[in-house]
Amino acid sequence: MQMSIETQTREASPVSTDPVLTLDGITKTFPGVKALDQVSLELYPGQVTALVGENGAGKSTIVKTLTGIYQPDEGTIRVAGEDVQFTTAQDASAAGITAIHQETVLFDELTVAENIFIGHAPKGRFGMIDWAEMRRRAREILDRIDADLDPDMPLRDLGIASKHLVAIARALSVDARVVIMDEPTAALSHKEIEELYELVERLKAEGRAILFISHKFDEIFRIADRFTVFRDGKHVGAGLISEISEADLVRLMVGRDVDQIFPDREHTPSDEVLQVVGYSHPTEFDSIGFTLRKGEILGFYGLVGAGRSEVMQSLFGITKPSKGVVKIDGDIKVIRSPADAVDNGIVYVPEDRGKQGAVIGLPIFQNITLPSLSQTSRAGFLRMSEEFALAREYTERLDLRAASLDQDVGNLSGGNQQKVVIAKWLATKPKVIILDEPTKGIDIGSKAAVHAFMAELAAQGLAVIMVSSEIPEVMGMSDRVIVMREGLIAAELEGDNLTPETLVRHAAGIGEGDQ
Amino acid sequence: MTDASNTRHIPDRLQSNAARILKSWEVLLLGVAILIFVANSFASPYFLNAWNLSDATFNFTEKAMIAFAMALLIISGEIDLSVAAIIALASTAMGAAAQVGAGTFELVLIGLVTGLTAGAFNGVLVTLMGLPSIVVTIGTMSLFRGISYIILGDGAYRGYPADFAFFGQGYVWWVLSFEFVLFAVLAVIYYVVLHRTNFGRTVYTIGNNATAASFSGIRVARVKFILFLLTGLMAGVAAICLTSRLGSTRPSIAFGWELEVVTMVVLGGVSILGGSGSIPGVVIAAFVMGLVTFGLGLLNVPGIVMSIFIGLMLIGVIALPRLWAKWRA
């Protein structure tokens, strides 16, 4: 059966102009956000289509729609000209669509062969798994992609690149017509990336349609045949790669209508409060150096995995740097734990609100007073009235929307949880506040409130570091931007140098030839 | 946002404290305790007697002392299953000291220090080495009691000083035993520590989300280490009371108590997953368990059946709070 489909797909020559998969007018709304707005996408057999867009443009939503995880509110999905509806992941898989994710969704405790055939293992008599047949076919598929892997090896013993190979083998085992690759090279080394490109060529030659999601322009121009650009959940362009320049693609991706209003700010930074020199980590980042002044908002831009959060978490005492110096108000400080960081006036609002930010299960006021208990208590004994007073002061400043201050913080919306986390830190009267993706996944209203509040904090003389992957936010809020790439500072941009294009170029390493 | 007229007023609380208490697990449990009390008084004519009731408290006082510290430990998301073995170890240490003529003061000191040391040992393995407490304390459970068996074999230590008997057999006033008074004082202390201090607040915070607690500047490992120390210390205190009450030490002393202590804590409404629970709940649960075992004892129910009962109770109390939470929601 496998062979017959293979010959069938081979019939579709790479020059065929009929798309194998067509999305039309797809709209998907989440509470407060229109993630996809009437988008279309066409994938052609034997061709690689690059899907380009900023974070939040709707790329992951479309992948989830294609793989049956999300159901669109409107629009049609056609596979080989027939209307289909994916209500489960199995439906999408049955239609020949498979995805290889950034972080592979495989099973560490199972073997290579088991991972390849999970869900569709060859069955023998009495419905038992035919292990010999499974190994044989796994071997066959692995050979086809030149993967030198033992089918009986447990997956956990493999590196990330080999895991990708297993994911690809899995895609071949279901004989996928459409292969989605979501930033497949993000975690790979140079050599492994080359091997992946070869594989993509092979998949193309077999007539499979490939949707390739990447932030790296060099690889888009190297392996893609077509492109589709999403911006803010809308389809803004598509065409042949051979007919567009890098610069035009960048412009298409970031150019936007002024649909978000950022607070007007006077940039009047004064004394230097934080100085970081030669800050390094064995694997995550190297030679990071920057200064931060009172009243300044310093943006940190970069692709996912560039090492921005790792630097910030290290400054906050979560991970240990291998070398480097941190000076606060000119004095060298050694920060070994978050408690040390808080004592020295550095606070951190993490990206992962639910796991690292809010203590779900505790009421709002207890979340806020957590690092300030010494302030609200007397000789170690709690004083609830003081706690409520402190919580009230800061929740009102942040315009929190909640039923009561003793409500479980877990019952709040993402935006309001974020306000609670920010309120918690402001109550400690910090010198430096680090906000990691402060508006990720929160509604427009809360976003504006968080932005306005950041501006207010800077105006009051607080030094703010904002890690953000959203270009409008970086542009709209920062006085100065540090762009990181692969654990290093790629550029420091300010004034006229700070444009969406320069941000993207430095983050992706375009035109520097050192990639 | 700086516009005051636009700022909504958020009330401190929607529900009064009284309403909250009335709907709590503790009140339900108190009802159960009263029912058992009444049932017992009908079941046996010997039950409603001041001295009998006083005797009944010995069924739970020593276990409850450990349960207070264990409650804090479980709320923080950890557990110590070696507590009964710590009793054996501490009792053996005291017995050995008594053989060479140690006085009451020295014996108490030895009991407490042994408990603290054992707790510190657990604490180091869990907090410094990052091992899961359930595995660590199953291991130390065998280790501590194993040491007792090696030292004592089939034998027993006797010959404790006469005034050492006060801790387990003495009365402070009329029917109020020293143990019961100590239990009451410890209940108050643990209530204050858990519900009225910054330390207690950090215990809840860690139990709900240890990562966010650490990201909020709480020294999570330090707090957990202190809780293991406290639990070891309470096992030491219980060892003093129990050894004094029995007047002898065998390596099988307090065998299986860890389950009864955990049952008491969970019955008291402490979530086995950590993050919630209260000392009043544990106090009431102590009375419930004491009354049940005493009632069954008066009815001549054999010990084997009682242990079946304890097992059923442990399963029941883990299931019941979930049903209770569903019913409330």
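- Within an unreviewed UniProt entry, the label attached to chain B reads Autoinducer 2 import system permease protein LsrD, and the organism entered is Maritimibacter alkaliphilus HTCC2654.
- Listed under Subcellular location (unreviewed entry) in UniProt, the entry text for chain B is "Cell membrane".
- Turning to chain B, the UniProt annotation filed under Subunit (unreviewed entry) states: "The complex is composed of two ATP-binding proteins (LsrA), two transmembrane proteins (LsrC and LsrD) and a solute-binding protein (LsrB)."

- If you look chain A up in an unreviewed UniProt entry, it shows as Putative atp-binding abc transporter protein from Maritimibacter alkaliphilus HTCC2654.
- UniProt annotates chain A under Subcellular location (unreviewed entry) with the comment "Cell membrane".

**Brief notes about the overall build of chain B**
- On a plain count of helices and strands, chain B comes out with 15 helices and two strands.
- With the principal axes as the frame, chain B shows a C-alpha extent of 80 × 50 × 35 Å.
- Looking at chain B as a whole, 47% of its 329 residues qualify as buried.
- Long-range contacts, defined here as pairs at least 24 residues apart, represent 79% of the contacts in chain B between residues at least 6 apart.

**A closer look at the overall build of chain A**
- Summing up its helical and strand segments, chain A has 19 helices and 20 strands in all.
- What you see for chain A is a C-alpha radius of gyration of 25 Å, in line with the 24 Å of a compact globule of 515 residues.
- Considered along the principal axes of its C-alpha atoms, chain A spans approximately 75 × 55 × 45 Å.
- Burial status across chain A gives 48% buried among its 515 residues.

**Regarding the interface of chain B and chain A**
- Listed as interface residues are 26 residues of chain B and, on the opposing side, 36 residues of chain A.
- Sorting the residues of the side of chain B that touches chain A by element identifies α10 (198–208) and α11 (210–215) of chain B as the ones contributing at least two each.
- Ranked by the residues each element gives to the side of chain B that touches chain A, the list is headed by α10(B), at six residues.
- Here the residues of the side of chain B that touches chain A sort into nine nonpolar, 11 polar and six charged.

**A few points about the confidence of the model for chain B**
All names here are of chain B.
- The pLDDT averaged across chain B works out to 90; a share of 97% of its residues lies at or above 70.
- Ignoring residues within four places in sequence, the model shows residues 1–6, a span with pLDDT below 50, making four contacts including any to other chains.
- Prediction confidence for the complex, expressed as pTM and ipTM, is 0.76 and 0.84 respectively.

**Here's the deal with the UniProt feature "transmembrane region" (unreviewed entry) in chain B**
All names here are of chain B.
- Those residues carrying the UniProt feature "transmembrane region" (unreviewed entry) are residues 27–48, 107–126, 133–151, 171–193, 225–247, 253–274, 281–298 and 304–325 in this numbering.
- Within the segment residues 133–151, helix and strand shares are 100% and 0% respectively, and the terminal C-alpha atoms sit 26 Å apart.
- For residues 281–298, the end-to-end C-alpha separation is 26 Å, with 100% helix and 0% strand making up the annotated structure.

**Observations regarding unusual backbone geometry**
- Even without being glycine, Lys429(A) reaches a positive phi, approximately 50 degrees.
- Locating Lys429(A) in the fold gives a position in the loop between α16 (414–426) and β17 (432–436).
- For Lys429(A), a count of 11 C-beta atoms within 10 Å translates into the label exposed.
- Within the chain, Asn300(B) stands out as a residue other than glycine whose phi angle is a positive 60 degrees.
- Following the sequence through the fold, Asn300(B) ends up in the loop between α14 (279–298) and α15 (303–328).
- Classification of Asn300(B) by C-beta neighbours within 10 Å gives exposed; the count is 7.

**Description of the domain arrangement of chain A**
Residue and element names in this part refer to chain A.
- Each assigned domain of chain A is listed with its residue range as follows: domain 1 (2–96 + 175–254), domain 2 (108–174), domain 3 (266–345 + 433–508) and domain 4 (348–429).
- Relative to domain 2, the C-alpha centre of domain 1 lies at a distance of 25 Å.
- Each side of the interface is counted separately: domain 1 has 11 residues, and domain 2 has eight residues.

**Brief notes about the nonpolar core**
- Residues Val464(A) and Ile87(B) are the most contacted members of the largest nonpolar core, which totals 240 residues.
- Among the elements that line this core, the one with the most residues is helix α12 (residues 220–246) of chain B, at 14 residues.
- Apart from the residues within four sequence positions on either side, Val464(A) is in contact with Glu296(A), Ile297(A), Leu298(A), Ile433(A), Leu435(A), Met454(A), Leu457(A) and Ala458(A).

**As for the packing of helix α9 (residues 246–254) of chain A against helix α19 (residues 500–508) of chain A**
Residue and element names in this part refer to chain A.
- Relative to each other, α9 and α19 sit at 115 degrees, their axes nearing to 10 Å. Between α9 and α19 lies a crossing of right-handed hand. Packed against α9, whose contacting residues are Val250, Arg251 and Val254, the element α19 presents Pro500, Glu501 and Val504 at the interface.
- For the contact of α9 with α19, the per-class residue count stands at four nonpolar, no polar and two charged.

The rules behind the values
- Residues numbered from 1 in each chain as written.
- Chains lettered and ligands numbered in written order.
- Predicted model: local features only at pLDDT ≥ 70, side-chain atom pairs only at ≥ 80, totals over all residues.
- UniProt positions renumbered as here; feature names shortened; annotations may be inferred.
- Helix = DSSP H or I, 4+ residues; strand = E, 2+ residues; numbered from the N terminus.
- Buried ≥ 20, exposed ≤ 12 C-beta atoms within 10 Å, placed from the backbone.
- Contact = placed C-beta atoms within 7 Å.
- Rg over C-alpha atoms; globule rule 2.2 N^0.38 Å.
- Nonpolar A, V, L, I, M, F, W, Y, C, P; charged D, E, K, R; others polar.
- pLDDT = per-residue confidence, 0-100.
- Domains from an automatic or database assignment.
- Core = buried A, V, L, I, M, F, W, Y, C linked by C-beta atoms within 7 Å.
- Axes fitted to C-alpha atoms, helices over the stretch in contact; angles between N-to-C directions.
- Left-handed = near helix turned anticlockwise from the far one by under 90°.

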